[in-house]
Amino acid sequence: MLKKSALHNGGLGMPTPSMEDYIEQIYLLIESKGYARVSDIAEALSVHPSSVTKMVQKLDKDDYLVYEKYRGLVLTSKGKKIGKRLVDRHDLLEKFLQIIGVKEENIYQDVEGIEHHLSWNSIDRIGDLVQFFEEDPERVTALKVLQEKNEEEL
């Protein structure tokens, strides 16, 4: 289970939703491949490489990463911390939507649609709810029974 302190901003500068998308993707690429190139980021986010270069330069200026043209980029400790927090937020929201019975084919798009619009306080409360359900599987079963009953009434 995620610790609340792991989700909080902890005094770090708040990136914009667009910056968050880039930081999260760069973090995931570095975690899986060991590096993140402009072309990899562009492909993952379905954007033009020149857009990635502009954002990477901004993230460098704001101390989220260090970028050297033609050499690649490395997340700073600030970038790593925020990247992990963003990935944890995304994973938590996916888990929450699975628990409450959202159709699997809707989960990714729904998380992408809501993750930037929730306060960290809301994320913490969702974390509490996920923990509540995970601590007693009967609670999930009871929720599914209620949902089936409600579906029948429609």
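The notes below deal with the structure included here.

How each quantity is defined
- Counting of residues starts from 1 at the beginning of each chain's written sequence and follows it residue by residue.
- Totals for whole chains, interfaces and linings use all residues, but because this is a predicted model, local features are given only for residues with pLDDT of at least 70 and pairs of side-chain atoms are given and counted only at 80 or more.
- The side-chain values count all of the structure's non-hydrogen atoms but skip hydrogen atoms and water molecules.
- By definition, any uninterrupted DSSP run of H or I lasting at least four residues is a helix, any uninterrupted run of E lasting at least two residues is a strand, and each is numbered from the N terminus.
- Three exposure classes are used, based on accessible area relative to the maximum for each residue type with a 1.4 Å probe and protein chains only: buried under 20%, partly exposed in between, and exposed over 50%.
- When checking whether two residues touch, look at their non-hydrogen atoms; a contact exists if any pair is within 4.5 Å.
- Each accessible area is a Shrake-Rupley result for a 1.4 Å probe, and residues are judged covered by the shown protein chains and nothing else.
- Two aromatic rings, drawn from Phe, Tyr or Trp (for Trp, its six-membered ring), form a pair once their centres lie within 6.5 Å of each other, and the interplanar angle then sorts them: stacked below 30 degrees, edge-to-face above 60, tilted otherwise.
- A positively charged side chain is recorded as over a ring if its NZ (Lys) or CZ (Arg) lies within 6 Å of the ring centre. The angle to the ring normal must also be within 35 degrees.
- For this analysis, a salt bridge means a side-chain nitrogen from Lys or Arg found within 4 Å of a carboxyl oxygen belonging to Asp or Glu.

Let's talk about the overall build of the protein
- Each helix and strand counted, the protein has 8 helices and 2 strands in total.
- When the elements of the protein are put in sequence order from the N terminus, they spell out α-α-α-α-β-β-α-α-α-α.
- Taking the principal axes of its C-alpha atoms as reference, the protein extends roughly 60 × 30 × 25 Å.
- A buried classification covers 36% of the 154 residues belonging to the protein.
- Taking the intrachain contacts of the protein between residues at least 6 apart in sequence as the baseline, contacts between residues at least 24 apart amount to 61%.
- Carbon together with sulfur atoms contributes 54% to the accessible area of the protein, which is approximately 9,400 Å² in total.

With respect to the packing of aromatic side chains
- Applying the stated criterion across every chain, the model contains 1 aromatic pair.
- The ring of Tyr-64 carries the charged tip of Lys-78 above its face, separated from the ring centre by 4.3 Å.
- Above the plane of the ring of Phe-132 lies Arg-139, whose end atom (NZ or CZ) is 3.8 Å from the centre.

Notes on the pattern of salt bridges
- Tallied over the entire structure, the rule returns 10 salt bridges.
- A salt bridge links Asp-88 to Lys-84, with the shortest nitrogen-to-oxygen separation between them at 3.0 Å. Of this pair, Asp-88 and Lys-84 both sit in helix 5 (residues 77-99), 4 residues apart, roughly one helical turn.
- Note that Lys-149 is salt-bridged to Glu-153, the shortest N-O span being 3.6 Å. One end of the pair is Lys-149 and the other is Glu-153, both in helix 8 (residues 137-153) and 4 residues apart, which spans about a single turn.

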